[in-house]
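Coordinate analysis (summary)
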Amino acid sequence: MAEEYTLFYNDYSICSIMVRYTVAVIQHLQDGRIRINEQPIDIQHGGQLAESYLCKVNPKGTVPVLTSSNPQRLKTPLSESVDITYFLAEYFPTLCPPHLASQITSLLSELHDINYFSLTYTDKPHRAVDMENSVQKVLARSDISERYRKALELKLEVIRATRAPALTTEAVVVQKQKALSFLSKIEALLGATETNTKGSDHGGFLWIFGTPEATALDAHVVPLIARLLDVGRGAMFEGNPRVRAYADRAFETEAWKDVMQRRRTVYGTYL
Ligand SMILES: N[C@@H](CCC(=O)N[C@@H](CS)C(=O)NCC(=O)O)C(=O)O
């Protein structure tokens, strides 16, 4: 019988898209060992601030989260997209082949060191304020439990410590630099793959390392590129033409289309 998991996600959360795209690229390898039930969380309207979510699923009040009702499978929920991806790689080793594992983990940690909030909501400081206000609104209620109040206070602290500071001019410059440096590494890898596979019959789409299946790195890089393009940062690809062409090919795959259903990666009114 399949092991059952629940993935809490949001359609416009870049980290959720990374996990859902990971699931999509391994879909054709599915052999019935696991089943992932998807549970949307409406983070645009405070779904992540619900008492049940903050107190039982994720005290950080973020998506994505993977849970299991079987503690032997998963003792505590996984609330980092990379952790969820590595967990899936235990079932589907093509996501992280042993000979590429150290490169993949190092590049994924570099990718997740980039603050997407800085690059997405540049010049939109009201996004950080809106997030604080939505927590304050619930905190203003007199009918909430003590444990819920504490959870909301913690969430408010996290928002204050991480969101507004990410939107200062200096922070955005630093994050843009990190993203450019990361993209140039992917550009170099794609160049090496192109050289190594020249003349060989690789049979279609080329992933970053030239592997026949997408790795965890591919599954996280494609959504990052989509997000940068959606927020008008196409100029970041002028020096990285292979990355741009790679992404355009990925956007044409069924896996990407299944996850995105023609949506952009950013919620309409936040653009
Ligand atoms: N480091 C986490 C980041 C999770 C995260 O910040 N998620 C955002 C969406 S991409 C979120 O839930 N935002 C709503 C909120 O913070 O209230 C990961 O990689 O999964």
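Residues numbered from 1 in each chain as written. Predicted model: local features only at pLDDT ≥ 70, side-chain atom pairs only at ≥ 80, totals over all residues. Heavy atoms only, no water.

Per the UniProt entry, the sites bearing "domain: GST N-terminal" (unreviewed entry) are residues 3-96 in this numbering. Across residues 3-96 one finds 33% helix and 18% strand; the C-alpha atoms that close the span lie 21 Å apart. (UniProt positions renumbered as here; feature names shortened; annotations may be inferred. Helix = DSSP H or I, 4+ residues; strand = E, 2+ residues; numbered from the N terminus.)

Interface size is often expressed as the accessible area that is lost when the parts come together. Domain annotation for the protein reports domain 1 (3-120 + 165-258) and domain 2 (126-164). The interface of domain 1 with domain 2 comprises 14 residues on the first partner and 17 residues on the second. A combined buried area of about 1,300 Å² lies between domain 1 and domain 2, and 63% of that area is made up of carbon and sulfur atoms. Across the contact surface, domain 1 and domain 2 share one salt bridge. When the shortest N-O distance is used, the salt bridge between Arg147 and Glu51 registers 3.1 Å. Between domain 1 and domain 2 we count eight residue pairs in polar contact (both at pLDDT 80 or more) in total. The biggest single contributor to the side of domain 1 that touches domain 2 is helix H2 (residues 51-57), with three residues. Looking at the side of domain 1 that touches domain 2, its residues break down into nine nonpolar, three polar and two charged. (Domains from an automatic or database assignment. Contact = heavy atoms within 4.5 Å. Buried area = accessible area lost by both parts, 1.4 Å probe. Salt bridge = Lys/Arg side-chain N within 4 Å of Asp/Glu carboxyl O. Polar contact = N/O pair within 3.5 Å; in protein donor to acceptor, adjacent residues only side chain to side chain. Nonpolar A, V, L, I, M, F, W, Y, C, P; charged D, E, K, R; others polar.)

What the rule picks out here adds up to zero disulfides. Not engaged in a disulfide, the cysteine Cys96 finds its nearest cysteine sulfur in Cys15; these two sulfurs lie 18 Å apart. By relative accessible area, Cys96 is classed as buried at 17%. (Disulfide = S-S within 2.5 Å. Buried < 20%, exposed > 50% of the residue type's maximum accessible area, 1.4 Å probe, protein only.)

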